[in-house]
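# Secondary and tertiary structure notes
Okay, here's what each chain looks like letter by letter:
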Amino acid sequence: MYTSPRRSVAFIGSECHPFVKTGGLGDVMYALPRVLAQQNCDVRVILPRYACIPQKYQDKMVYRGEFYMDLGQTGRSYYVGIMEYVWDGVVYDFIDNQEFFSAGNPYIGLVDDIPKYCYFSKAALAALNYMNWIPDIVHCHDWQAALVPVYLRTLFKDSPVGRAKSVLTIHNLRFQGIYNIPTIRYWTGLPDEVFEMGALKQDYVNANMLKGGLAYADRITTVSNTYAWEIQTAEYGEKLEDHLRYHSYKLRGIVNGIDYGMWNPATDPSLAVNYDITNVLQHKPENKRALQQELGLVQDEGKFVIGLISRLTDQKGLDLVSAVIPQVMDGNTQVVVLGTGDKEYEDTFRYYENACKGMFSACIQYDEARAHRIYAGADALLVPSRFEPCGLTQLNAMHYGTLPIVRETGGLKDTVEPYNVFNGAGNGFTFDRYDAGLLLDAINRAKTEYFTSRYHWDEVVQRDMAKDVSWENSARQYKDLYLELTPW
Ligand code: ADP
C-alpha cells in the first residue's frame, strides 16, 4: 500500500458523474477524487447544484449553510447555499443558486454561461472560507473553473483560502470561455492588471477566462503527455500556443484512467452476459448477438462489429468516418453508432441506417447502459479524432476486450500501442495523418486480422483486458504534483 503525507484538495469543476455529465470531464471528476481519497487525500468536490441533477441525489443532499456574496460590479448580493452529500470518502458540496443553475442543461450558451461560471468560481472559494475548510490545493478544471486561480491571487489573496496552491487541468483546450472585456469585468470585478495581455486579455475586444487561469495557476496539467506537447503547437494550440509555451515550465501531462467499479465486464449490470479475461472469447460473441438483437441488426456472430461512441462533433473525426462508410460496408461488417451532436452527422448516420438495413445502426441518443453493451458486444471501436486530449472510449473498449482503431493523436497515441503484424505486439490499429484513406486502411488491417488471423486477434483481446488502465497510477502522479507544491 502506497502512503505519502496527507494533503487536502478541493476539486472545482462544472460536471461530475453521476450527478451531471456531458463528457470525459464528468468521468474524471467522479473517479479521481475517490482514488485520491484512498491515497491519503482529504477531498472535497465543489459543483454547481443544477436543477437537472436527478432527484434521487437531490434528496440525499444535506443543507450545510448559506451566505450572501457580492459579485463584480453588479452592486448586488447573491445567495450562496451549500448542500452537502458525503459518499465513499468524498465530500460533495453543491453551490446552490436558482438564478444561475435552474436550466435543464449545465451548459446553455455563452450569454448565460459566462455570468454563471464567474459566479460559481467565486462562490466556490467563498464557500471554502465560509466552511472554514482551507485546502492545501485547489484543483480546478477547464474554463468553467479557470477563474478560480485568478480570484485566489487577487480578491481572495488575503483571505484564509488565499494560502492554497492551485492546479488547473485542461480537459479540452477548444473551450476557453471567451467574451468581451466589459462583460467579464462586470461579472468578476477583477482588478485592471488581470485584463492585461499576459493574463485574461485575448485581444482589444475579448477576455479569455482559460487564458487567465493558465497565467495564475501554480501548475497546469492536461490529460495526456502527447496533448501537453501538442497544445504548444499552432495546429492544436487553439490560439493559446504562445501563452502555453510561455508557461510550459509548469505544464505537464497526466493520462486519465477509468473507474474499475463503473467499468467492469465481470459485474456490469447492463450486459447480457458478464465475462472476464478467462472467458471473454466464449462470452463476447453472446454479447455481440444480444447487441445485434437489441439494435435490429442481422444476428450473426461471424460479422465484424465496429462501434462508435462519441459526441458527434468535428473534433471526433466524423467527416473521415462518413467518407469511408460505403467502403466499410462489405456485407461482413456491421457498424453501430451511439451519439448526439451536430445535425449534419446525425443525419448522415441516419441515412446509412436506412441505406444499409440490418448492418448499420444509428442510435442518436445519450444512453449510458447502451454504451456499456456496445463496448461489450463490438469487436472494434473507432476513435479517429482530429484531436483528443485523452479519450476515455478507447480505454473502456480495451478493458472490455474490444480493439480500438484510433488516430495517433493526444491520449490516443499514449494509450494505444499500434498492433505489429510481425510479432503480434500492440493493443489496436492506428493511423497518423488526418486522412480518410489512412482511416480506411486501418479499418481494413483490423478486418484482415479478424477474419484471417483470429488466434492473434484473440491474443490482443486478452492483452487489452489485462492492460492497466486504472486510475491508481495517474492518481499517484497527481498526488506527487500536490506534494511538490506543498513541500512541508
Ligand atoms: P469527450 O470528453 O471529448 O466527450 P471522452 O472519450 O473523454 O470524450 O469521454 C466520453 C465519455 O462519454 C465516455 O465515457 C463515453 O462512454 C461517454 N459517451 C459519449 N457519448 C455517449 C453516448 N451517446 N451515450 C453514452 N455515453 C456516451
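An account of the accompanying structure is given in this report. As the structure is a computational prediction, the values presented were derived from the model and not from experiment. (Residues numbered from 1 in each chain as written. Predicted model: local features only at pLDDT ≥ 70, side-chain atom pairs only at ≥ 80, totals over all residues. Heavy atoms only, no water.)

### Structural notes on helix α17 (residues 454–466)
Counted only if it meets this: To qualify as a helix, a DSSP run of H or I must reach at least 4 residues; to qualify as a strand, a run of E must reach at least 2; elements of each kind are numbered from the N terminus. One less than the number of residues in a helix, times 1.5 Å, gives the span that helix is expected to have. Here the term buried applies to any residue with accessible area under 20% of the maximum for its type, exposed to any over 50%, and partly exposed to those in between, with areas from a 1.4 Å probe on protein chains only. The reported arc concerns the directions from the helix axis to the C-beta atoms and nothing else.
Compared with the 18 Å implied by 1.5 Å per residue over 13 residues, the 18 Å span of α17 between its first and last C-alpha is a close match. For α17, the complete set of buried residues consists of Trp457, Asp458, Val460, Val461, Asp464 and Met465. The arc that holds the buried residues of α17, viewed along the axis, is 155 degrees, so those residues lie on one side. Counted as exposed and oriented over 90 degrees from the buried face of α17: Tyr455 and Ala466.

### Observations concerning the site of the ligand
The line we're drawing: It suffices for a single heavy atom of a residue to lie within 4 Å of a molecule or strand for the residue to be listed as near it. Here a polar contact is recorded for every N or O atom pair within 3.5 Å, except that within protein the pair must consist of a potential hydrogen donor and a potential acceptor, and residues adjacent in sequence are included only if both atoms are side-chain atoms. Residue burial considers only the protein chains on display, and all accessible areas are found by Shrake-Rupley using a 1.4 Å probe. By the convention adopted, Pro, Cys, Tyr, Trp, Phe, Met, Ile, Leu, Val and Ala count as nonpolar, Lys, Arg, Asp and Glu as charged, and the other residues, Gly among them, as polar.
Around the ligand, a shell composed of 20 residues is seen, among which Gly24, Arg311, Lys316, Tyr375 and Leu392 lie nearest. Between the ligand and glutamine 365 there is a distance of 2.9 Å, counted from a nitrogen atom to a backbone nitrogen or oxygen. In this structure, an oxygen atom belonging to the ligand sits 3.5 Å away from a main-chain N or O atom of threonine 393. For the ligand, the accessible surface in isolation is 570 Å², of which the surrounding protein chains cover 93%. Contributions of two or more residues to the shell around the ligand are made by α1 (24–38), α13 (368–377) and α14 (393–399). Each residue belonging to the shell around the ligand can be placed in one class, and the counts come to six nonpolar, eight polar and six charged.

### Observations concerning the environment of glutamate 417
Filter applied, for reference: For this analysis, residues touch if any pair of their heavy atoms sits within 4.5 Å.
Turning to its location among the elements, glutamate 417 is positioned in the loop between α15 (410–415) and β17 (429–431). As a C-alpha pair, glutamate 417 and valine 205 span 212 residues in sequence and 44 Å in three-dimensional space. Not counting residues up to four positions away in its chain, the partners in contact with glutamate 417 are Ala425, Gly426, Asn427 and Gly428.

### Side note on the pattern of salt bridges
Heads up, the rule is: The term salt bridge refers to a side-chain nitrogen of Lys or Arg lying within 4 Å of a carboxyl oxygen of Asp or Glu.
Per the counting criterion, the structure on display carries 29 salt bridges. Salt-bridge contacts for arginine 174 lead to glutamate 238; the nearest nitrogen and oxygen are separated by 3.1 Å. With arginine 174 in the loop between β7 (165–170) and β8 (178–180) and glutamate 238 in the loop between α8 (225–230) and α9 (241–246), the pair connects residues that are 64 residues apart, well separated along the chain. Residue arginine 174 is classed as partly exposed on the basis of its relative accessible area of 38%. Of the charged contacts, one joins arginine 373 and glutamate 294 as a salt bridge, the two residues approaching to 2.6 Å between their closest N and O atoms. Of this pair, arginine 373 sits in helix α13 while glutamate 294 sits in helix α10 (residues 280–295), and the two are 79 residues apart along the sequence. On the accessibility criterion, arginine 373 (22% relative accessible area) is partly exposed. Sharing partners across several salt bridges, the network here consists of Arg44, Arg64, Glu84 and Asp93.

### Some details on the packing of aromatic side chains
Heads up, the rule is: Centres within 6.5 Å are what make two rings of Phe, Tyr or Trp a pair, Trp counting through its six-membered ring; a difference in plane orientation under 30 degrees is then read as stacked, over 60 as edge-to-face, and the rest as tilted. Remark: a charge is flagged as sitting over a ring if the NZ atom of Lys or the CZ atom of Arg is within 6 Å of the ring centre and within 35 degrees of the ring normal.
According to the stated counting rule, one finds 37 aromatic pairs in the structure shown. Here the aromatic rings of tyrosine 85 and tyrosine 92 are separated by 6.3 Å at their centres, their planes lie at 35 degrees, and the arrangement is tilted. Judged on exposure class, the residue tyrosine 85 and its partner tyrosine 92 are both buried. Members of the aromatic cluster, each reached through a chain of ring pairs, are Tyr50, Tyr78, Phe100, Phe101, Tyr107, Tyr117, Tyr119, Phe120, Trp143, Tyr186 and Trp187. Above the ring of tryptophan 87, the side-chain terminus of arginine 34 is found at 5.0 Å from the ring centroid.

### Re the side chain of glutamine 292
Mapped onto the elements, glutamine 292 comes out in helix α10. A distance of 3.4 Å separates the side chain of glutamine 292 from the backbone oxygen of valine 298, its partner in a polar contact. What glutamine 292 contacts, discounting residues up to four positions off in sequence, is Leu297, Val298, Gln299, Asp300, Glu301, Lys303, Val305 and Gln334.

### Here we look at the packing of helix α11 (residues 318–328) against helix α16 (residues 436–452)
In plain terms, the rule: Here, axes are lines fitted to C-alpha atoms. For helices the fit covers the stretch in contact, and angles between N-to-C directions go from 0 to 180 degrees. Throughout this description, any angle smaller than 35 degrees is read as roughly parallel, any larger than 145 degrees as roughly antiparallel, any in the 65 to 115 degree range as roughly perpendicular, and the remainder as oblique. In this scheme, a crossing is called left-handed if the near helix is turned counterclockwise away from the far one by less than a right angle; it is called right-handed if the turn is clockwise.
Between α11 and α16, whose axes approach to 9 Å, the crossing angle comes to 45 degrees. Of the possible angle classes, the one that applies to α11 and α16 is oblique. Read as a crossing pair, α11 and α16 show a hand that is right-handed. The residues of α16 that touch α11, namely those facing Leu320, Val321, Ala323, Val324, Gln327 and Val328, are Ala436, Leu439, Leu440, Ile443 and Lys447. Across the contact of α11 with α16, the residue classes tally to nine nonpolar, one polar and one charged.

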